[in-house]
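# Structural overview for review
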Amino acid sequence: MKDVEESTITRAIIRKAAEEWINLTETDVIVVGAGPSGLTAGMYLAKAGLKTVVFERKLSFGGGIGGGGMQFHKLVIQAPADKILREVGCDLELLEEDMYVADTTAMIAKLASGTIDAGAKIILGVIVDDLIYRDPPPRITGAVVQWTSVIMSGLHVDPLGVKAKAIIDCTGHDAEVLAVASRKIPELNLVVPGEKSMWVSQAEKLTVENTGEVCPGLYVAGMAVAALRQTPRMGPIFGGMLLSGAKVAQLVAAKILGEKARRVVPIDIG
Ligand code: 48F
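All figures in this text were calculated on a predicted structure; none of them were measured in a lab. Within every chain, residues take consecutive numbers counted from 1 along the sequence as written. Restriction of local features to residues with pLDDT of at least 70 applies here, the model being predicted, together with a cutoff of 80 or more for giving and counting side-chain atom pairs; totals for whole chains, interfaces and linings are based on all residues. Heavy atoms throughout the structure, all of them, feed into the side-chain values; hydrogens and water do not.

## Notes on the overall build of the protein chain
For the protein chain, the helix and strand inventory stands at nine helices and 13 strands. Over its C-alpha atoms the protein chain spans a radius of gyration of 19 Å, differing by no more than 12% from the 18 Å that the globule rule assigns to 270 residues. Viewed in the frame of its principal axes, the protein chain has a C-alpha envelope of about 60 × 55 × 40 Å. Relative to its full complement of 270 residues, the protein chain shows a buried share of 48%. Contacts in the protein chain between residues far apart in sequence, at least 24 positions, make up 66% of those at least 6 positions apart. Summed over all atoms, the accessible surface of the protein chain reaches about 13,600 Å², with 55% contributed by carbon and sulfur. Under this rule, positive means Lys or Arg and negative means Asp or Glu; His and the chain ends count for nothing. Here the site of a charge means NZ on Lys, CZ on Arg, CG on Asp, or CD on Glu. Treating the 28 positive side-chain charges of the protein chain as one cloud and the 31 negative ones as another, the clouds have centres 4 Å apart. Think of it this way: any DSSP run of H or I at least four residues long counts as a helix, any run of E at least two long counts as a strand, and we number them from the N terminus. Values of the radius of gyration come from C-alpha atoms, whereas the globule rule sets the reference at 2.2 Å times the count of residues to the power 0.38. Exposed residues in this analysis have more than 50% of their type's maximum accessible area, buried residues have under 20%, and partly exposed residues fall in between, with area computed by a 1.4 Å probe over protein chains only. Note on definitions: a residue-residue contact is assigned when non-hydrogen atoms from the two residues lie within 4.5 Å. Here the Shrake-Rupley method, with its probe set to 1.4 Å, supplies the accessible areas, and only the displayed protein chains count as covering residues.

## Regarding the side chain of Thr52
Note on placement: Thr52 falls in strand 2 (residues 52-56). Whenever a nitrogen or oxygen atom comes within 3.5 Å of another N or O atom, the pair is scored as a polar contact, on the condition that within protein one atom can donate a hydrogen and the other can accept it, and that pairs from neighbouring residues in sequence are kept only if both atoms are in side chains. Polar contacts involving the side chain of Thr52 include one to the main-chain carbonyl oxygen of Leu50, which spans 3.0 Å.

## Structural notes on the sheet that holds strand 4 (residues 93-96)
Reading across from one edge, 3-5-4 is the order of the three strands in this open sheet, with antiparallel pairing throughout. Looking at the sheet topology across the chains shown, the edges are occupied by strand 3 (74-78) and strand 4. Taking the axes of each pair of neighbouring strands and ignoring which way they run, one obtains an average angle of 35° across the sheet. Pairing of strand 3 with strand 5 (residues 99-103) involves five bridges; the strand directions are antiparallel. Among the inter-strand pairings, Ile77 is bridged to a residue of strand 5, identified as Tyr100. Every angle, taken between N-to-C directions, lies between 0 and 180 degrees, and every axis is a line fitted to C-alpha atoms, over only the stretch in contact when it is a helix. Across the sheet, helix 4 (residues 104-118) lies against strand 3 and strand 5, angled at about 85° from strand 5, the strand it touches most. Pairing between two strands is assigned when DSSP locates at least 2 bridges connecting them.

## A word on the environment of Cys170
Looking at the secondary structure, you find Cys170 in the loop between strand 9 (160-169) and helix 6 (176-184). Setting aside residues up to four positions removed in sequence, Cys170 forms contacts with Val31, Val32, Gly33, Ser37, Gly38 and Ala221.

## Some thoughts on a nonpolar patch on the surface
In this scheme, patches are assembled from residues that exceed 30% relative accessible area and form no salt bridge. Like charges are connected within 9 Å, while nonpolar side chains (Val, Leu, Ile, Met, Phe, Trp, Tyr) are connected within 5 Å. Note on definitions: salt bridges are taken to be side-chain nitrogens of Lys or Arg within 4 Å of carboxyl oxygens of Asp or Glu. Among the surface-exposed residues, Val4, Ile9, Ile13 and Ile14 lie close enough to one another that they form a single nonpolar patch of about 390 Å² accessible area. Residue position: Ile13 is located in helix 1 (residues 6-24).

## Notes on the pattern of salt bridges
One pass over the full model with this rule turns up twelve salt bridges. When the shortest N-O distance is used, the salt bridge between Glu19 and Lys16 registers 3.4 Å. Linking Glu19 with Lys16, this pair stays in helix 1, spanning three residues, or about one helical turn. Salt-bridge contacts for Glu176 lead to Arg57; the nearest nitrogen and oxygen are separated by 2.5 Å.

## Digging into the packing of aromatic side chains
Pairing of aromatic side chains here covers Phe, Tyr and the six-membered ring of Trp, requires ring centres within 6.5 Å, and sorts the geometry by plane angle: under 30 degrees stacked, over 60 edge-to-face, intermediate tilted. Under the counting rule described, the total for this entry stands at two aromatic pairs. For the ring pair Trp21 and Phe55, a centre distance of 5.7 Å and an interplane angle of 20° mean the geometry is stacked. Of the two residues, Trp21 sits in helix 1 while Phe55 sits in strand 2, which places them 34 residues apart along the sequence. On the accessibility criterion, Phe55 (1% relative accessible area) is buried. An angle of 80° between the planes, with centres 5.7 Å apart, marks the rings of Trp21 and Trp147 as edge-to-face. In this pair, Trp21 is assigned in helix 1 and Trp147 in strand 8 (residues 139-147), connecting sequence segments 126 residues apart.

## Focus: the site of the ligand
For the ligand, the set of nearby residues contains 27 residues, the closest of which are Ser37, Glu56, Gly64, His173 and Met223. Within the backbone of Ile237, one N or O atom sits 3.2 Å away from an oxygen atom of the ligand. If you list the elements that add at least two residues to the shell around the ligand, you get helix 2 (36-47), strand 2 and strand 7 (126-134). Residue contributions to the shell around the ligand peak at three residues, all from strand 7. Note on terminology: near, applied to a residue and a molecule or strand, indicates that one of the residue's heavy atoms is within 4 Å of it.

## What to know about helix 4
Look at helix 4: 21 Å from first C-alpha to last across 15 residues, which is about the 21 Å you get at 1.5 Å a residue. Where helix 4 is concerned, the buried positions are Thr104, Met107, Ile108, Leu111, Ala112, Gly114 and Thr115. On an axial view of helix 4, the arc spanned by its buried residues comes to 155°, and they lie on one face. Residues of helix 4 that are exposed and point over 90 degrees away from its buried face: Thr105 and Asp117. Residue count minus one, scaled by 1.5 Å, sets the expected span of a helix. This arc corresponds to the set of directions leading from the helix axis out to the C-beta atoms.

## Quick notes on helix 9 (residues 239-257)
Between the first and last C-alpha of helix 9 there are 27 Å, a value that for 19 residues agrees with the 27 Å anticipated at 1.5 Å per step. Count one or two residues on from helix 9 and you reach Gly258, which has phi positive near 60°.

Here it is in structure tokens:
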């Protein structure tokens, strides 16, 4: 095996990572959270030709997929969202008409690899803990980022700002980005009341219906939609999350690219 200098490894890592970070300081879209909605959004945004970065605070992706239902390692997906998982090569087992079961690990791996292969950059261990804004009228123009390890340490370290044409809150049940916007940019008049108790069919339908723009520059998808609109939760059925991610990608692509936006989502979501 080749002799390797420690300094060569260090230089390679710092230089290559810094090059990518510099390239990301002005990007098309920032997706916050690499759960099912964030990965799906990232994949279709990249397929639409947009420069897309997904920031995930953990050192792994998948969000709530890995927990399955009460840690049983299976998830339920209903049509038409199965088309998204088939597109990334995830095996599905037929449960009954238009209902399928997926393995949690296969779903995480295939969805994440679909997102990366499409050209989106996923960066792990980074928290979006604030937003960049301009007014009047109030609009979101970027995200404030910090290493998760710094936040966990409690050290006072100033974060950095990354500009983007659109930021998408895919942070799940706590709608963390919207919560920050509501607290720190009062001009937006944004209230995040939190989700309601479980009602699967309503939750799935309303999550997809309410996915979209919250204010100029800021969008919401996945369970954060339920937190914002105070609609029910659905538990371990994931069709709505995938459709919500696909829908927000479609909306953001149309907003940024206008008539040049290509149709990349394999389903008519409306
Ligand atoms: O929670 P999560 O999976 O959100 P989702 O895409 O899907 C929800 C389902 O998993 C499930 C459900 C529906 O069937 O009820 O819960 O809406 O993924 C959210 C991801 O965002 C990360 C978090 O670690 C997780 O991986 N995240 C949360 N806040 C931040 C963040 C933040 N401030 N910065 C970066 N990442």
